[in-house]
Amino acid sequence: MTDTYKKDRLTQLILGKLQRNFGRTADQATKEQMFKACAMVLRDIMGSNSLATDKMVQFEQQRQVHYLSMEFLMGRSLEKNAFNLGVLKPLKEAIKFLGFDPGEIFETEPDAGLGNGGLGRLAACYLEAMTTLEIPATGYSICYELGIFKQKIVDGQQVELADNWLDLGDSWLITKTDETEEVKFGGHIVDHWEGNVNHPEHVGYTSVLAVPRDMIIAGYDTDHANTLRLWDAKSPTPVDMSLYSSGEYLKAVEQQAMAEVIAKVLYPDDNHYEGKSLRLRQQYFFVSATVQSIARKHRAQYGTLKNFHEKHVLQINDTHPALVIPELMRILLDEEGYDWDTAWEITKQSVAYTNHTVLAEALERWPQELFETLLPRIWDIVREIARRYQEELEGHFGQGDSRVAHMAIVWDNEVRMANLCVCACRAVNGVSALHSDILRHDVFLEPCRLEPDKFKNVTNGIDHRRWIGEANPALAKLLHDCTGGDDYLLHADKLAELEKFADDKKVLERLGKIKADNKKRFAEFVKAESGIVLNTDAMFDVQVKRLHEYKRQLLNVLHIVYLYQHMKEDPHFEFQPRVCLFGAKAAPGYAVAKRIIRLINSVADTVNNDPACKDRLQVVFLENYRVSLAEKLMPASELSEQISLAGKEASGTGNMKFMMNGALTIGTLDGANVEMHEQVGDDNIFIFGLTARGVSKLREKGYFASDYYMDDPDLKWIMKRLNDGFADGESYNDLVRRLISGDGCPADEYMLLADFESYKVAHQHVDEAYRDPMKWNRMSLINIARSGVFSADRSIRNYADTIWDVPYRA
Ligand code: 26W
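Here's a quick rundown of the structure. Each residue is numbered by its place in its chain's sequence as written, counting from 1. Given that this is a predicted model, residues contribute local features only at a pLDDT of at least 70 and side-chain atom pairs are listed and counted only at 80 or more, while totals for whole chains, interfaces and linings are drawn from all residues. The side-chain numbers reported here are obtained from all heavy atoms of the structure, hydrogens and water having been left aside.

**Thoughts on the overall build of the chain**
Moving on, step 1. A run of H or I in DSSP becomes a helix once it reaches four residues, and a run of E becomes a strand once it reaches two; helices and strands are each numbered from the N terminus. When helices and strands are tallied, the chain shows 33 helices and 27 strands.
Moving on, step 2. For 810 residues, the compact-globule formula gives about 28 Å, and the C-alpha radius of gyration of the chain, at 27 Å, lands near that figure.
Moving on, step 3. Judged by the C-alpha coordinates and their principal axes, the chain covers about 90 × 75 × 60 Å.
Moving on, step 4. The classification of residues rests on relative accessible area computed with a 1.4 Å probe and restricted to protein chains. Under 20% of the type maximum is buried, over 50% is exposed, and intermediate values are partly exposed. The 810 residues of the chain split such that 60% are buried.
Moving on, step 5. Sequence-distant contacts, at least 24 apart, represent 76% of the contacts inside the chain between residues at least 6 apart.
Moving on, step 6. Computed with the Shrake-Rupley method and a 1.4 Å probe, the accessible areas treat only the protein chains shown as cover for residues. As presented, the chain carries roughly 31800 Å² of accessible surface, and 49% of it is formed by carbon and sulfur atoms. Both definitions apply: the radius of gyration is a C-alpha atom measure, and the globule rule equals 2.2 Å times residues to the power 0.38. The contact criterion used is simple: two residues touch if any of their non-hydrogen atoms lie within 4.5 Å.

Below, the structure is given as structure tokens:
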């Protein structure tokens with residue numbers, strides 16, 4: 001690849017694109033046109049790889065993976081694709097030669113923000129890894145016109161702006177109108193009996209067309225290419241001007257709007273379910289189009305769907321795409337005419353489910369009435385699946401047993417999507433060892449007793465080529481030098497080679513210098529964006545992730561207020577100068593989360609303007625945290641805050657990005673932190689707080705937040721300060737009440753006060769370590785060297801071996 005596309009060739013190709021598409025020469029072109037021209041050139045290269053891959057997969061009749069997800073948080077693609085295709089260097093040279101700054105061209109690209117947080121970014125990392133491992137795989141989602149909102153901070157508060165990413169972002173998409181599918185909503189079912197066999201007919205429905213907009217995914221060091229298929233929603237009835245006066249015109253316009261609203265916007269709720277009709281329509285829309293499209297291609301190749309399960313596995317990313325189960329059944333029953341048992345066997349062997357959260361408020365439970373009205377045939381099928389399952393459970397546990405009620409798919413006029421998945425899927429997996437244990441021993445205890453082999457663990461992983469190779473070139477160079485080349489990019493376990501240099505002063509110094517340079521670069525970026533000048537001599541202490549009470553950004557704030565108070569009181573109070581960085585979007589309807597953002601900004605305002613804090617303490621809320629910002633921030637971070645209440649964070653993946661970039665973790669034994677701790681040992685991580693078991697025990701015993709408050713003068717002080725407010729005069733007594741008295745719900749649901757003391761002590765240990773740069777750098781090096789298991793390649797190999805049963809590149 002690298003040899004075919006040298007600077008001169010790329011230059012010619014880019015010039016050709018500029019001329020043919022925009023009628024411009026290089027010196028007439030805008031940055032946007034330059035970006036688009038580059039994207040088109042790479043798209044052409046990937047396009048021919050993609051055609052060749054498809055042909056091969058078909059010829060060899062390989063088994064394919066279909067990854068269904070409501071979210072793919074892809075971020076930017078130009079630099080990433082160039083990196084994976086091995087043409088990053090010549091592309092930069094070509095851009096420079098044409099009179100542009102490559103960095104500026106990369107910055108022109110909008111993030112494809114088709115996701116909220118962890119679940120969506122994981123899907124993106126996995127697509128890359130599946131491609132690099134040469135697994136025939138396709139991702140499916142919705143081509144949202146508006147991705148995750150852009151966050152502005154106005155007077156300390158979050159304001160949401162629309163994210164119109166498609167203007168430039170569509171450079172990567174190929175619209176395949178000829179592969180359009182029809183999706184049917186509403187209407188009703190008329191049964192036609194032929195002896196014992198029913199031929200249900202769907203009548204009076206409304207159609208929506210699903211049009212594929214394909215994004216090609218490049219793998220690293222391979223010609224294999226996969227596809228992310230994003231379905232766009234279109235109305236089948238064109239608006240006919242001749243109907244204008246008849247009243248039909250408005251109807252047609254209305255119908256068009258109804259259809260197209262499906263792909264309008266990504267729901268910005270993370271870990272919080274709301275039974276919205278439009279969301280259910282989105283789910284069925286993309287799932288139905290997906291299964292129809294897979295089935296159509298399968299039929300064309302094999303002439304039957306009897307061997308469907310041998311050739312396909314459908315991975316469902318949380319319960320959001322769970323309607324694939326009844327939709328596949330519908331096709332097998334109604335379109336192929338198979339009997340129930342045949343259809344059920346094929347379906348069961350084809351689908352697998354990953355759970356990503358144990359939070360009760362995230363569980364999808366659709367109101368039966370909505371479900372029935374919107375999807376009458378799917379409802380019939382789900383009801384029959386539920387009836388048979390319940391019969392089986394009653395046979396096992398006895399009628400009226402509470403376990404039957406607990407596991408039922410349809411209950412209390414609700415359709416429970418997680419139970420549907422557990423019943424129908426060939427495998428159910430959690431995303432870290434701890435999380436999978438909680439699924440086995442708590443959330444899915446009963447079904448796990450019935451079918452223990454079904455329940456598996458696949459610990460999450462990240463695309464280390466993006467998060468080190470592309471995001472942190474200086475570290476990549478060090479790794480190249482210390483591990484004997486770039487092999488680690490394909491085999492992340494080679495990172496372990498770095499550990500040989502754990503006591504090599506030169507290497508440790510170089511690592512320190514890399515971090516210092518990355519901090520400076522990040523500070524320059526922040527200054528240019530916001531005017532804020534970061535103190536690059538201080539420790540960069542970072543918490544970036546969606547804002548949620550269980551993630552406990554508030555615990556971090558309480559500790560900052562504690563440091564601030566002590567510093568003011570006692571000029572000799574010793575602690576390492578810190579820049580506390582936050583980045584977090586709050587779901588627009590999540591009032592408490594928005595209050596916490598405001599609090600962070602109030603504290604920041606006070607601290608940053610207090611001369612007593614100069615060069616010692618700085619607090620910064622980074623606006624609009626997103627993939628492209630994370631790529632700049634991770635390499636510059638020194639302390640990674642992973643402080644969720646144990647048992648609540650399914651895995652976390654930010655934690656892994658920090659670790660690979662040499663940040664040290666202060667964290668609870670939650671999610672994948674547990675496995676990070678196992679890798680690096682007590683000496684190379686700062687663990688604090690209750691364990692998951694400790695949390696359960698404390699809850700059983702009865703948790704009284706006010707006891708902690710009464711016993712701790714520091715906590716009293718901090719709460720008083722929150723009550724009184726900061727420089728802007730805003731009181732946060734609402735948050736204080738939530739912690740101490742409950743304010744209508746259990747006080748301090750996420751046990752911040754119980755963990756405060758040990759968090760404080762852990763921070764003191766952080767300070768001690770940071771005081772000795774060589775010690776710190778050594779710890780950092782060990783973290784990097786032992787982070788290889790958190791590569792998405794390892795995760796995908798686990799999926800391939802234990803769930804999908806597909807081969808991959810050695
Ligand atoms: C129905 C509303 C809704 C929306 C999104 C419910 C649940 C979700 C996601 C499952 C939430 C999510 O992103 N979970 C995160 O998944 C990551 C990838 O596995 C994990 O690393 C995080 O710990 C988990 O919070």
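**Examining the site of the ligand**
Moving on, step 1. Residue proximity to a molecule or strand is established when one non-hydrogen atom of the residue lies within 4 Å of it. Lining the immediate surroundings of the ligand are 21 residues, of which His356, Asn460, Glu649, Ser651 and Gly652 lie closest.
Moving on, step 2. Contacts to the ligand include Glu649, whose side-chain N or O atom sits 2.6 Å from an oxygen atom.
Moving on, step 3. Computed on the free molecule, the ligand has an accessible area of 580 Å², of which 97% lies beneath the protein chains in the complex.
Moving on, step 4. Among the elements that line the shell around the ligand, the one with the most residues is helix H6 (residues 118-132), at three residues. In the analysis that follows, any N or O atom pair within 3.5 Å is treated as a polar contact, provided that within protein one partner can donate a hydrogen and the other can accept it, and provided that, for residues neighboring in sequence, both atoms belong to side chains.

**Things to note about the sheet that holds strand E26 (residues 664-667)**
Moving on, step 1. What the six strands build is an open sheet, ordered E24-E23-E22-E25-E26-E27; its pairing is parallel. The outermost strands of the open sheet, each flanked by one partner alone, are strand E24 (617-622) and strand E27 (686-687).
Moving on, step 2. Strand pairing is assigned whenever DSSP identifies at least 2 bridges connecting the two strands. In this sheet, E26 lies alongside strand E25 (residues 639-642) in parallel orientation, the contact comprising four bridges. Bridging across to E26, Glu641 finds its partner in Ile666.

**Some details on the side chain of Asp670**
Moving on, step 1. Among the secondary structure elements, Asp670 is positioned in the loop between E26 and helix H26 (673-680).
Moving on, step 2. A polar side-chain atom of Asp670 sits 2.7 Å from the main-chain amide nitrogen of Gly647.
Moving on, step 3. Those residues within four positions of Asp670 in sequence are excluded, and the remaining contacts are Leu434, Ser644, Leu645, Ala646, Gly647, Lys648 and Glu649.

**Quick word on unusual backbone geometry**
Moving on, step 1. Phi angles above zero are rare outside glycine, and Asp412 is one such case at about 50°.
Moving on, step 2. For Asp412, a relative accessible area of 64% puts it in the exposed group.

**Quick word on empty space enclosed by the protein**
The rolling of a water-molecule-sized probe over the atoms marks out the regions of remaining empty space.
Moving on, step 1. Only protein atoms enter the 1 Å grid, on which a cavity is a set of points fitting a 1.4 Å probe that cannot get out and a pocket is an open set with protein on both sides within 12 Å along at least 5 of 7 lines, lining residues being those with an atom within 4 Å of a point. Grid points are joined across faces, edges and corners, and a volume is the space filled by probe spheres set on the points. The tally for this structure, following the rule as stated, stands at five cavities of 30 Å³ or more.
Moving on, step 2. By volume, the largest cavity is sized at about 170 Å³.
Moving on, step 3. In terms of lining residues, the largest cavity is bounded by 16 residues, among which Glu549, Arg738, Leu739, Glu749 and Tyr750 are the most central.
Moving on, step 4. Listed by contribution, the elements that provide at least two residues to the lining of the largest cavity are helix H22 (553-569), helix H23 (591-608) and helix H30 (733-740).
Moving on, step 5. Looking at which element gives the most residues to the lining of the largest cavity, the answer is H30, with three residues.
Moving on, step 6. Each residue gets one label: Ala, Val, Leu, Ile, Met, Phe, Trp, Tyr, Cys and Pro are nonpolar, Asp, Glu, Lys and Arg are charged, and the others, such as Gly, are polar. Residues of the lining of the largest cavity, tallied by class, amount to nine nonpolar, two polar and five charged.
Moving on, step 7. Approximately 150 Å³ is the volume found for the second largest cavity.
Moving on, step 8. Lining the second largest cavity are 15 residues, with Met74, Lys80, Asn81, Ile217 and Arg466 sitting closest to its centre.
Moving on, step 9. Secondary structure elements with two or more residues in the lining of the second largest cavity: helix H3 (78-85), H6 and strand E13 (206-218).
Moving on, step 10. The residue inventory of the lining of the second largest cavity, partitioned by class, reads six nonpolar, three polar and six charged.

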